[in-house]
Each structure stands twice: as structure tokens, then as C-alpha cells.
Amino acid sequence: MMLKPTVLVAEDEGALITLLRYNLEREGYRVLEALNGEEAILVANEQQPDLVLLDWMLPQLSGIEVCRRLRSRQETRNVPIIMLTARGEETDRIRGLDTGADDYITKPFSMTELLARLRAVMRRIRPSLAEDVVRVGDIEMDRAAHRVRRAGQDVHLGPTEFKLLDHLIQHPGRVFSREQLLDTIWGSDVYVEARTVDVHVGRLRKALNGIGERDPIRTVRSAGYALDDTFAA
Ligand code: CA
């Protein structure tokens with residue numbers, strides 16, 4: 001199975017959806033669709049896209065409200081959002097960014113520009129200082145391509161699991177407490193229960209162990225978690 005970055009297209013204009021799907025798929029993205037605001041939130045929660053292309057004018061819930069709700073939920077808090085706005089909605093654009101959109105594009109837009117912006121946002125969410133490709137044992141993480149492989153096979157991770165692995169893989173063997181992971185992955189100004197860390201470690205584990213022979217994540221009782229640097233030996 002090839003891992004492709006997943007883009008959720010939340011848009012109600014059929015012709016534009018078709019055009020976006022065609023071009024995004026040609027660029028190697030997997031495309032999910034939502035035709036209204038409610039559906040956008042549902043799909044984002046369930047499918048954990050890597051990026052959301054969000055139309056400003058959506059039925060049921062406006063793009064701005066969708067953006068707000070995605071930002072307020074644990075599962076979708078960190079997903080990059082690019083707003084699609086109509087020309088001239090100057091105030092709306094600014095509000096869009098205030099609400100937590102990462103970028104906006106004015107309709108009508110050129111597909112070349114949209115794809116470039118999308119690539120830029122994808123690049124921005126990866127840690128910029130470290131190497132693009134990191135390997136520990138049989139796990140390989142390519143930040144630039146937002147791709148994880150184990151034993152040569154693609155592993156599909158949600159945004160939180162990706163960050164979690166990214167952090168663990170930079171410090172193999174080191175034990176991190178749930179609180180440390182909370183601060184690093186979610187930020188210290190956000191209230192998240194420690195149990196949430198367990199849930200995401202569980203998901204990461206499940207994704208990695210669907211392929212590999214040994215569980216690379218060590219649970220240290222009452223201390224936390226570590227990526228075992230000896231698991232591939
Ligand atoms: Ca629309």
C-alpha cells in the first residue's frame with residue numbers, strides 16, 4: 001500500500017471538486033470529499049486528513065465555523081487548513097486566518113498556485129531543523145514527504161501519531177513521560193488528559209505493528225514511553 005498525504009476537499013461546487021480531485025490525485029494526494037460543513041467535520045474527525053481545503057461558503061456550516069470547530073477538537077486541532085475564499089472577501093480572509101486557517105486562496109485560482117501553496121503548507125508542518133529522513137531500526141521517517149515506512153512498507157499515520165513518532169524517533173531509547181509528550185505534541189497551554197497520550201500511542205503502535213515483527217514502543221510503567229533503539233537487532 002502506498003502512503004499518500006490525504007487532502008479533504010470541503011466544497012459544494014461539483015465542477016470544482018472534480019477539478020481539484022483530478023489535479024490533487026495527479027500530484028499523488030489521496031482525496032476525500034465533503035459537500036457541506038457538517039460532513040467536513042465528520043470526515044475530518046474520522047479520516048484524519050493531512051490537510052483540509054476548506055471553502056468559505058459551505059451549506060449548513062460556514063467554512064469559518066468549520067475551521068473553528070476543527071481547531072477546538074483534539075483530533076483535528078493541528079490539521080493544516082487552507083481556506084478557499086471568493087474575491088473581495090477581504091475582512092473574511094483576515095477572519096479566516098484569525099480563526100486558525102494556515103493559508104487562504106482567492107477564487108478563481110490557478111491550479112499551479114494552489115498546488116504550490118499546498119506543498120508549502122505541508123513543508124511548514126515538518127520540523128525544519130532536523131534531517132528529512134530519519135531511520136531507527138526498520139522504521140524510516142521521511143518528513144519532507146510526510147511518509148513513514150516500516151520494513152519497506154508504508155505506514156499510514158494520523159497527524160498526531162506522526163508527530164508522536166517524529167518526537168520519539170529523534171530520541172531513540174529515551175523515556176518520555178505522558179506530561180512531557182503532552183507538552184511537546186499538544187503544547188503546554190492546551191488542556192489534554194494524560195489518557196489521550198495513551199490513546200495516540202496505542203494508535204501509533206497498532207499502525208507500526210501491523211507490519212513489523214516486534215513492538216518498537218516500550219511502555220515504562222509509571223514513567224512513560226520510549227522508542228526502543230534495540231528492537232531491530
Ligand atoms: Ca461554496
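What counts and what doesn't
- Residues numbered from 1 in each chain as written.
- Predicted model: local features only at pLDDT ≥ 70, side-chain atom pairs only at ≥ 80, totals over all residues.
- Heavy atoms only, no water.
- Donors = N, O, S within 2.8 Å, 3.2 Å for Na, K, Ca; no water.
- Helix = DSSP H or I, 4+ residues; strand = E, 2+ residues; numbered from the N terminus.
- Buried < 20%, exposed > 50% of the residue type's maximum accessible area, 1.4 Å probe, protein only.
- Pairing = 2+ DSSP bridges.
- Contact = heavy atoms within 4.5 Å.
- Arc of directions from axis to C-beta.
- Axes fitted to C-alpha atoms, helices over the stretch in contact; angles between N-to-C directions.
- Core = buried A, V, L, I, M, F, W, Y, C linked by side-chain atoms within 4.5 Å.

To continue, consider the coordination of the calcium ion. By definition of the ideal shapes, four donors in a tetrahedron about a metal sit 109.5 degrees apart, and six donors in an octahedron sit 90 or 180 degrees apart. At the metal site, the calcium ion is ligated by D12 (OD), D55 (OD) and M57 (O), and these contacts range over 2.1 to 2.4 Å. Counting residues between consecutive donors of the calcium ion along the chain gives the motif D-x42-D-x1-M. Taken as a pair, D12 in the loop between β1 (6–10) and α1 (14–26) and M57 in the loop between β3 (51–55) and α3 (63–72) lie far apart in primary sequence, 45 residues in all. D12 gets classed as partly exposed once you look at its relative accessible area, which sits at 34%.

We now examine unusual backbone geometry. A cis geometry characterises the amide bond from K107 onward to P108, with omega recorded as -5 degrees. With respect to the secondary-structure elements, P108 resides in the loop between β5 (103–107) and α5 (111–124). One non-glycine residue, Q60, lies in positive phi territory at about 70 degrees. Checked against the element boundaries, Q60 lands in the loop between β3 and α3. Judged by its relative accessible area of 61%, Q60 is exposed. Not every positive phi belongs to a glycine, and S222 is a case in point at roughly 60 degrees. Examined against the element boundaries, S222 turns out to sit in the loop between β10 (217–220) and β11 (224–227).

Turning next to the pairing of strand β8 (residues 147–150). Of the two faces of β8, only the one carrying V148 and R150 is buried; R147 and R149 on the other face are not. By the bridge criterion, four bridges tie strand β7 (residues 139–142) to β8 in an arrangement that is antiparallel. Its bridge partner being in β8, D142 is matched across the sheet by R147. The antiparallel pairing of β7 with β8 creates a hairpin that spans four residues between the two strands, and H146 there sits at a positive phi of about 55 degrees. Of the pairings in the sheet, the one linking β8 to strand β9 (residues 153–155) comprises three bridges and is antiparallel in character. Its bridge partner lying in β9, R149 is registered against D154. Connecting β8 to the next strand, β9, in antiparallel fashion are two residues, including A151 with a positive phi near 50 degrees.

Okay, the side chain of N23 next. Residue placement: N23 occurs in helix α1. Using a relative accessible area of 9% as the deciding quantity, one classes N23 as buried. Discounting residues that sit within four places of it in the chain, N23 has contacts with M111 and L115.

Okay, α3 next. Note on helix geometry: an α-helix contains 3.6 residues per turn, so any two residues three or four positions apart are oriented the same way. Within α3 the residues assigned to the buried category are G63, I64, V66, C67, L70 and R71. Viewed end-on, α3 has its buried residues packed into an arc of 160 degrees, placing them on one side of the element.

Taken together, the four strands give an open sheet; going across it, the order is β6-β7-β8-β9, and neighbouring strands pair in antiparallel fashion. This sheet does not close on itself; its edge strands, each paired only once, are β6 (133–136) and β9. Averaged over all pairs of adjacent strands, the angle between their axes in this sheet comes to 25 degrees, without regard to strand direction. The strands touched by helix α6 (residues 159–170) within the sheet are β6, β7 and β8, with β7 carrying the most contacts at an inclination of about 110 degrees.

The nonpolar side chains of a soluble globular protein tend to be buried with one another. Ranked by size, the top nonpolar core spans 25 residues in total, and within it V148, L165, L204 and L227 carry the most contacts. Of all the secondary-structure elements, those providing two or more residues to this core are β6, β7, α6, α7 (178–186), α8 (194–209) and β11. With five residues, α6 is the single largest residue contributor to this core. Dropping the residues within four chain positions of it, L204 is found in contact with L157, E161, L164, L165, L168 and I217. The next biggest cluster of nonpolar side chains, apart from the first, holds 21 residues, and it includes A34, V43, A44 and V79.

Take the sheet that holds β1 next. Ordered by their spatial adjacency, five strands build an open sheet running β2-β1-β3-β4-β5, and the pairing between neighbours is parallel. The open sheet has two edge strands with one neighbour each: β2 (30–34) and β5. Strand-to-strand twist across the sheet, computed as the mean angle between neighbouring axes with direction ignored, equals 20 degrees. Of the strand pairs in this sheet, β1 and β2 are connected by five bridges, and their pairing is parallel. Across the sheet, residue T6 finds its bridge partner in β2, namely R30. Sheet strands in contact with helix α2 (residues 37–47) are β1 and β2, and its direction is about 145 degrees off that of β2.

Such coordinate-based values are descriptive only and should not be taken to indicate function.
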